[in-house]
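Residue strings, one per chain:
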Amino acid sequence: MSEFPSDWEIANLGAYLKETKERVHEGTATPYSVSKVLGIVPQSEKFKKRVASNDISNYKIIRKGDFAYDPMLLWDGSINRMLREGIGAVSPAYVTFRVLDNSLDANYLLHFLKADTAKNFYKSISKGTNVRRQKAEFRDFASGEFAFPPLPEQKKIAEILSGIDLHISKNEKRVHKLQLSHASLSANTFYIKPETEHLAVALGDVVALRHGYQFRTPDFAKHGAKVIKISQVIGDGVVLTEGCDKVPWELASGKEKFRLKPGDVLMSLTGNIGRVGIVPETSEVLLQNYRVGLFAPINRCISGEYMIHLLESRQVVSQLEDNANASAQANFGKGDLDKIMVYLPDLQTQEKTASLLSSSKDLIKAEKRKIKALRNTKHSVASDLLTGRKRVSI
């Protein structure tokens, strides 16, 4: 074990924890789910519906302050603490436990169990042949040996890290409100009202769609031009250019027609249809894969910026989904463009609308950058305080 301050106590997790196995039996309780991001929340919040059967008698009871983890996904950090009042119930597949006494601060423990040191430990105790479904037993979890600061220092560390979490939460709520406002603005803008029906046109009359090339598994190589697949078009205007598959330069040279350039507007045309992204500034050679659609204005009747917001709108995406060709998974073809009716005012109105929507999105992106910065700050601070590299004043 690495060097720690001399007043820190080295002990197994099991010295502080007790596994709980209390069942619902004939009682009543709200079914909960464990999420590494959302926390321990009612199933109705995570899945928008109850997924448990009517009979939850074998579910484990979980109370405020208790911890739970998914033994098959602990390696991925699926562990959290119950912060809600009342009695909850979680699947018997989950491992549940609580802190034995006041020798370990439960708030500190939550931050510790979410930190990198703990996550690396989870991977070491998770066993199984399927890389993504490896099981971590409680006895192995409890055997983990770590160093813990004195209780007053634990409480101070937890206070500092929880304070950062509070700022993150406030910013996340602001983002949610801004997103609702943006969605409302977009809906009101692009919804075709009776009084604007005369301004409705078929999307195919003003926007052209180009499909990509269907590169196949044998085409890919270690080096060469990058291929932009639907997994790289993640939505919200983002196209990822890292982690792409590549094709040899000899093959790429014959596919110049499918070469992408900065500013190109792309959309996912299969599966989760309607994710829109813009190719970023880059000097790399990027090729468009099959089922990634490239959209461009046909003429000057529609501005490029207005087109982007239009493609992102529920007015268009819902029609894309409705008109998707019947197949194993949703997809979209050139012929479907003419079935989609859109609101197309004059260019001056388009530019004003696009400016308002862009400003709204910029506010959301700015708040998201703040959240990312706060998370980076927390990661850095937690790394220092949870390892003793930096001490806090008590």
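Remember, it's a predicted structure, so these values are computed and weren't measured experimentally.

Trainee: Hey, could you run me through unusual backbone geometry in this one?
Mentor: Among all residues except glycine, the phi angle is most often negative; among peptide bonds, the trans geometry is most common. Of note, the phi angle at aspartate 236 is positive, near 60°, even though the residue is not glycine. For aspartate 236, the location among the structural elements is in the loop between strand E14 (233-235) and strand E15 (237-239). Assessed through its relative accessible area of 37%, aspartate 236 is described here as partly exposed. Positive phi values are uncommon outside glycine, yet arginine 291 reaches one of about 70°.

Trainee: Looking at this structure, I do not really get the pattern of salt bridges. What am I missing?
Mentor: Pairs can form between side chains of opposite charge whenever their charged atoms are close. All chains considered together, the criterion is met by 22 salt bridges. Taking the shortest distance from any N to any O, the salt bridge between aspartate 140 and lysine 127 comes out at 3.8 Å. You can see aspartate 140 sitting in helix H4 (residues 138-142) and its partner lysine 127 sitting in the loop between helix H3 (116-125) and H4, a full 13 residues away along the chain. A cluster of three or more residues bridged by salt bridges with shared partners is formed by Asp7, Glu153 and Arg391.

Trainee: Please explain the nonpolar core as it appears in this structure.
Mentor: In summary, soluble globular proteins display a tendency toward joint burial of nonpolar side chains. Leu17, Phe97, Leu109, Leu113 and Phe141 are the most contacted members of the largest nonpolar core, which has 36 residues in total. Where this core is concerned, the elements lending two or more residues are strand E6 (67-69), strand E9 (95-99), helix H2 (106-113), H3, H4, strand E10 (145-148), helix H5 (151-190) and helix H10 (347-385). The leading source of residues in this core is H2, at six residues. Apart from residues lying up to four places away in sequence, leucine 17 is in contact with Phe97, Arg98, Val99, Leu100, Leu109, Phe138 and Phe141. Residues Ile192, Val206, Val207 and Leu311 belong to the second largest nonpolar core, which totals 27 residues.

Trainee: Help me out: how do you make sense of the packing of aromatic side chains in this one?
Mentor: Where two aromatic rings form a pair, the distance of their centres and the angle of their planes describe that pair. Going through the model one piece at a time under the given rule, you end up with 17 aromatic pairs. For the pair phenylalanine 121 and phenylalanine 146, a centre-to-centre distance of 5.2 Å together with 90° between the ring planes defines the contact as edge-to-face. Residue phenylalanine 121 is located in helix H3, and its partner phenylalanine 146 is located in strand E10; the two are separated by 25 residues in the primary sequence. Between tyrosine 213 and phenylalanine 215, the aromatic rings sit 4.8 Å apart at their centres with planes inclined by 70°, giving edge-to-face as the arrangement. Under the relative-accessibility criterion, tyrosine 213 is labelled partly exposed at 27%. Three or more aromatic residues joined by ring pairs make a cluster, and in this case those are Tyr16, Phe67, Tyr69, Phe97, Tyr108, Phe112, Phe121, Tyr122, Phe138, Phe141, Phe146 and Phe148.

Trainee: Would you explain the sheet that holds strand E4 (residues 39-42) in this entry?
Mentor: Backbone-to-backbone hydrogen bonds pair the strands of a sheet. The strands run either parallel or antiparallel. The four strands lie next to each other as E4-E3-E8-E5, forming an open sheet whose pairing is mixed. Edge positions in the sheet fall to E4 and strand E5 (60-62), since each of these pairs with one other strand and no more. Going from strand to strand, the sheet's axes swing by 45° on average, the running direction of each strand aside. Bridge analysis of E5 against strand E8 (residues 88-90) gives three bridges, and the strand direction is antiparallel. Directly across from isoleucine 62, in E8, lies its bridge partner glycine 88.

Cut-offs and rules
- Residues numbered from 1 in each chain as written.
- Predicted model: local features only at pLDDT ≥ 70, side-chain atom pairs only at ≥ 80, totals over all residues.
- Heavy atoms only, no water.
- Helix = DSSP H or I, 4+ residues; strand = E, 2+ residues; numbered from the N terminus.
- Buried < 20%, exposed > 50% of the residue type's maximum accessible area, 1.4 Å probe, protein only.
- Salt bridge = Lys/Arg side-chain N within 4 Å of Asp/Glu carboxyl O.
- Core = buried A, V, L, I, M, F, W, Y, C linked by side-chain atoms within 4.5 Å.
- Contact = heavy atoms within 4.5 Å.
- Phe/Tyr/Trp six-rings, centres within 6.5 Å; stacked < 30°, edge-to-face > 60°.
- Pairing = 2+ DSSP bridges.
- Axes fitted to C-alpha atoms, helices over the stretch in contact; angles between N-to-C directions.

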